[in-house]
Amino acid sequence: QVQLVESGGGLVQAGGSLRLSCAASGRTFSSYAMGWFRQAPGREREFVGAISWNNFRTATYYTDSVKGRFTISRDNTKNTTYLQMNSLKSEDTAVYYCAAGPRPAGIESDYTYWGQGTQVIVST
């Protein structure tokens, strides 16, 4: 069992930055790929990006709309994954969720564990 807790959300002006954190419980954090998803008001939850961990190497994947602006990283010693968000736009306003699963997929059903979400509001 893995429990995930996101933090770091808040209100930021367009063009600003935020860093979200996702802290995981359990001793098997490094065996999971970690994904970030978001859900804007009135819209379905969508994939933001993911990070894998294999043979002491990470690989990251991003949806096109955040490439070059968002960066996912992980610190396995702290059981934490991060989502650094730069050059934020109003359309980035959403509840952001982290998730853990066996592979860095872009599909919700590929993830086993989910956090409760953290709200990000980008003002113009």
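The structure this text deals with has already been given above.
I will try to describe carefully the structure that is included in this document. (Residues numbered from 1 in each chain as written. Predicted model: local features only at pLDDT ≥ 70, side-chain atom pairs only at ≥ 80, totals over all residues. Heavy atoms only, no water.)

Observations regarding the nonpolar core
Of all hydrophobic cores here, the largest spans 28 residues; its most connected members are L4, M34, W36, F70, L83, M85 and Y96. In this structure, F37, F47, A105 and Y111 belong to the second largest nonpolar core, which totals six residues. (Core = buried A, V, L, I, M, F, W, Y, C linked by side-chain atoms within 4.5 Å. Buried < 20%, exposed > 50% of the residue type's maximum accessible area, 1.4 Å probe, protein only.)

Some details on the packing of aromatic side chains
Note on aromatic pairs: each is described by the distance of the centres and the angle between the planes. According to the stated counting rule, one finds five aromatic pairs in the structure shown. When the centroid spacing of 5.9 Å and the interplanar angle of 85° are considered together, the rings of Y32 and Y113 count as edge-to-face. Of this pair, Y32 sits in the loop between β3 (18–24) and β4 (33–39) while Y113 sits in strand β10 (residues 113–114); the two residues are 81 residues apart in sequence, bridging distant segments of the chain. Using a relative accessible area of 16% as the deciding quantity, one classes Y113 as buried. Here F37 and Y111 contribute two aromatic rings whose centre-to-centre distance is 5.3 Å and whose plane-to-plane angle is 80°, an arrangement assigned as edge-to-face. Here F37, found in strand β4, pairs with Y111, found in the loop between β9 (94–101) and β10; they are 74 residues apart in sequence, far enough to count as distant. Given a relative accessible area of 1%, F37 falls into the buried group. Counting every residue linked through ring pairs, the aromatic cluster contains F37, F47, Y111 and W114. In this arrangement the basic side chain of R45 is found over the ring face of Y97, its NZ or CZ atom lying 4.6 Å from the centre. (Phe/Tyr/Trp six-rings, centres within 6.5 Å; stacked < 30°, edge-to-face > 60°. Helix = DSSP H or I, 4+ residues; strand = E, 2+ residues; numbered from the N terminus. Lys NZ or Arg CZ within 6 Å of the ring centre and 35° of its normal.)

Here we look at the environment of R38
Here R38 shows up in strand β4. Its relative accessible area of 5% is what places R38 among the buried residues. Between the alpha carbons of R38 and D92 there is a distance of 8.6 Å; along the sequence they are 54 residues apart. Within the structure, the side chain of R38 is placed 2.6 Å from the side chain of E46, a separation counted as a polar contact. Within the structure, the side chain of R38 is placed 2.9 Å from the side chain of D92, a separation counted as a polar contact. (Polar contact = N/O pair within 3.5 Å; in protein donor to acceptor, adjacent residues only side chain to side chain.)

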